[in-house]
Amino acid sequence: MVEFGKKLKERQIQEWGGYYINYKLMKKKVKQYSNQIEAGVLERRHVLKDFSRMLDNQIEKIVLFMLEQQGLLASRIAQLNEQQEALLEQPDISKISELREAYRAVGQDLLKLLLFVEMNAIGLRKILKKFDKRFGYKFTDYYVKTRANHPYSQLQQVFKHVGLGAVVGAISRNLADLQDRQGSYLSIYDQPALPLQEPVVDSLQSAVDRLTHSTNFLEFLGQHALIMHEELPSLVDEHIDNQRYHFMSLILNLANTFLYMVNTYIIVPTADDYSTSLGAAPTVCGIVIGAMAVAQIFSSVYFSAWSNKSYFRPLVFSSIVLLIGNAMYALAYDSKSLTILLLGRVFCGLGSARAVNRRYISDCVPLKIRMQASAGFVSASALGMACGPAFAGLLQTNFKIFNITFNQVTLPGWVMTIAWACYLVLLSISFIEPAREIEIDDAPENSSAAQNDKVEKGLAQPLLMSTEHEQDDDGDQECDASDEAPEESRRPANSLGAAYRLLTPSVKVQLLIYFMLKYAMEILLSESSVISSYYFGWTTSKVSIFLASLGLTVLPINIVVGSYISNMYEDRQILLASEIVVFLGILFSFQFIVPYSVPQYVCSGLIMFVAAEVLEGVNLSLLSRVMSSRLSRGTYNGGLLSTEAGTLARVIADATITIGGYFGESNLLNLTLIPSLVICIGSIVATCCTYNSLY
């Protein structure tokens, strides 16, 4: 991993070198401030004022140069427009071709300007984080609050690319007008969905979308997966990606995700009936459901570590363990053993390979389709969540074969046993283990072609992704000898404790929010069979329909949020609004004086579940941006931390249901909702405290 200071020098356009953020100087100033405060020479108040002035000057330098370049590009486009008007009167095919090439050349220069904005935005974020680490995580909040919301904000120019969109629009429109449309005189404004086969326009549009944090359905859905990216890839990285990619292996990886989610939720509608058939209380279903999550806390760690060496063997092991666990779950009925039932669920949890599923997408899928693969991961999870209860509702039968009972409580186990056996066969036949390391010589970068390729590749990435939010001690060797050793500062976390020490307050708040939403969702789903049976007398089929309906809302809601809402509002605004709606959903779920009714239960549950789904996507998007890049790789990565937080929430929620059952089914609903309400209020308060740091 290259230090940011060196990467800035390598990636910058040489003739624009004097207009980039002076990262080296600012890093040196941060160190000087720290030493002077420790020596008592300076006060913090003076440091804040001086550093703010320096930042203002750096941003002004960047913005003025950016505006100057925009003006030059606009002038070139205006001149080309005049030539185009002349061609309308006297068409000349050769001159039209030359004009199109001239517009493309302007587009290439605009791509360079977007790369310039990208690197400066990264530098600003990193120096703010470094300053925060030295002085207590308070400066970013102050600086963003005072600069971003000012009517003459220059910070907005950097992070919101004000004006660049108009230049992109001009290039796109004129290239479209020059394109042969077989006699059509329609403009892109008449038919905005009309495809324009211009690679430079596609590159420009994707770069602008990423710079503004604009999104679409696939990107928003992919954010749920928290597939973190370590660095802006080079040509070598892309070549390796293509060599390691195998379509059928990716499909099998996603199939593992789908089957595991089905396995998780297929027992939820019948878990209370299974518990009572073995002589336990209905609320023991909390332990039965939660046993899988308890084991997953431990399995996530060893599967994450195992994925450093192999993908095939962990998936095979996962399938075998899940096959055994489901068989034990089904056989517990005839054995009359609650112990075997719980052990079966524990085995299922020990087979959770979601860490491998995430890691495979992150490491082995080419960057150009990684977002689609991430969206596929989330879609497979959502579909499995909906199909699990739906399958349980269909398995309403009762018969025996060789004294083995097949009924509504055992069939989920037998169905999943067969499913995992079939999956294991397909895995053995079709999965190809990707190569772990390939040595490729770096291409020389001193040629103009290499420079253009570098620009293209740099702009093929999200401009403000998690990589730009690296840990503050990023390992730059230029001028900070007293910081951590470079190798140590770039090394992935090697334990949960080391990973925890990399968490800033903003990251901790996002993990708290993730814990809250998973806790609230688990309470709603896991106790649904007990609550609905007690208050409304619902059968297993009705519970299955209710849970499947909730699961089916995931994709439509993400389409609406990913395609529309996230383009109109900032992520932090959607985050806070979603938390408030989750709070209202939990509040309306309480049983008050009036008799508890089906409309109240269904509507409040739907409001809470939908808001939690929206919250999850935005939460993981923000988490990937504020998390250290040292957590983007290795065993103890960001995906593992979020998985552990969510799994721990599920374990505590299921335990809460079982404990609440000791106070009677009449009190279960309110007792389990109180912790959800308290945690939700805490997450809202924490979000407000770190709101400006999420800019």
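The structure displayed is predicted, hence computed values, not measured ones. (Residues numbered from 1 in each chain as written. Predicted model: local features only at pLDDT ≥ 70, side-chain atom pairs only at ≥ 80, totals over all residues. Heavy atoms only, no water.)

Engineer: Please clarify how the nonpolar core should be interpreted in this entry.
Structural biologist: In this structure, Y274, V582, I586, Y601 and F609 are the most contacted members of the largest nonpolar core, which totals 117 residues. Per-element tally for this core: the top contributor is helix α22 (residues 505–526), with 14 residues. Look past the residues within four positions of Y274 in its chain and what remains in contact with it is Y329, A330, A332, Y333, L341, V409 and T410. Within the second largest apolar cluster, 45 residues are counted, among which are Y23, F65, L87 and F131. (Core = buried A, V, L, I, M, F, W, Y, C linked by side-chain atoms within 4.5 Å. Buried < 20%, exposed > 50% of the residue type's maximum accessible area, 1.4 Å probe, protein only. Helix = DSSP H or I, 4+ residues; strand = E, 2+ residues; numbered from the N terminus. Contact = heavy atoms within 4.5 Å.)

Engineer: Can you walk me through helix α18 (residues 411–430) in this structure?
Structural biologist: Within an α-helix, residues lying three or four positions from one another point in the same direction, as the helix has 3.6 residues per turn. Along its 20 residues, α18 runs 28 Å from first to last C-alpha, staying within 8% of the 28 Å computed at 1.5 Å per residue. As for α18, its buried residues are in contact with α11 (247–265), α14 (312–335) and β2 (404–406). (Expected span 1.5 Å × (residues − 1).)

Engineer: Where do I start with the pattern of salt bridges in this structure?
Structural biologist: Where side chains of opposite charge bring their charged atoms close, a pairing between them can arise. One pass over the full model with this rule turns up five salt bridges. Ionic pairing is found between K518 and E616, a salt bridge with its closest N-O pair at 3.5 Å. Taken together, the positions of K518 in helix α22 and E616 in helix α27 (residues 598–626) put the pair 98 residues apart, joining distant regions of the chain. Judged by its relative accessible area of 18%, K518 falls in the buried class. R650 serves as the salt-bridge partner of E522, at 3.5 Å between the closest nitrogen and oxygen. Note that E522 is positioned in helix α22 and R650 in helix α28 (residues 638–661), a separation of 128 residues in sequence. Of the two residues examined, E522 and R650, each falls in the buried class. (Salt bridge = Lys/Arg side-chain N within 4 Å of Asp/Glu carboxyl O.)

Engineer: Which parts of the structure should I look at to understand the packing of α11 against α18?
Structural biologist: In helix packing, the relevant descriptors are the interaxial angle and the interaxial distance, both defined with respect to the helix axes. Interaxial distance between α11 and α18 falls to 11 Å at its minimum, and their mutual angle equals 165°. When the interaxial angle is binned, α11 and α18 end up roughly antiparallel. Relative to α18, α11 is oriented so that their crossing is left-handed. Every residue of α18 that contacts α11 at M248, S249, L252, N253, A255, N256, L259, Y260, V262 and N263 is listed here: M416, A419, W420, Y423, L426, L427 and S430. In terms of residue class, the contact of α11 with α18 is made up of twelve nonpolar, five polar and no charged. (Axes fitted to C-alpha atoms, helices over the stretch in contact; angles between N-to-C directions. Parallel < 35°, antiparallel > 145°, perpendicular 65-115°, else oblique. Left-handed = near helix turned anticlockwise from the far one by under 90°. Nonpolar A, V, L, I, M, F, W, Y, C, P; charged D, E, K, R; others polar.)

Engineer: Help me out: how do you make sense of empty space enclosed by the protein in this one?
Structural biologist: Leftover empty space is mapped by rolling, across the atoms, a probe with the size of a water molecule. One pass over the full model with this rule turns up six cavities of 30 Å³ or more. Counted as a void, the largest cavity has a volume near 460 Å³. Among the secondary structure elements, those contributing two or more residues to the lining of the largest cavity are α11, α16 (354–364), α17 (367–394), α22, α27 and α28. Its residues assigned to classes, the lining of the largest cavity shows eleven nonpolar, eight polar and seven charged. (1 Å grid on protein atoms, 1.4 Å probe; cavity = no way out; pocket = protein on both sides within 12 Å on 5 of 7 lines; lining within 4 Å. Points joined across faces, edges and corners; volume = space filled by probe spheres on them.)

Engineer: Please clarify how unusual backbone geometry should be interpreted in this entry.
Structural biologist: The bulk of non-glycine residues show a negative phi, and the bulk of peptide bonds are trans. For F402, which is not glycine, the phi dihedral falls at a positive 55°. Of note, N403 is a non-glycine position whose phi angle comes to about 65°, a positive value. Within the secondary structure layout, N403 lies in the loop between β1 (399–401) and β2.

Engineer: What am I meant to see in the confidence of the model for the protein here?
Structural biologist: In low-pLDDT segments, the atomic positions of the prediction should not be examined closely. Looking at the protein as a whole, the pLDDT averages 77, with 77% of positions reaching at least 70. For the protein, per-element mean pLDDT is lowest for helix α19 (residues 448–459), which scores 42, and highest for α18, which scores 94. Low pLDDT, under 50, characterises residues 230–240; the stretch is placed with 29 contacts to residues that sit more than four places away or in other chains. Across residues 438–487, where pLDDT falls below 50, the model places 138 contacts with residues more than four positions away in sequence or in other chains. (pLDDT = per-residue confidence, 0-100.)

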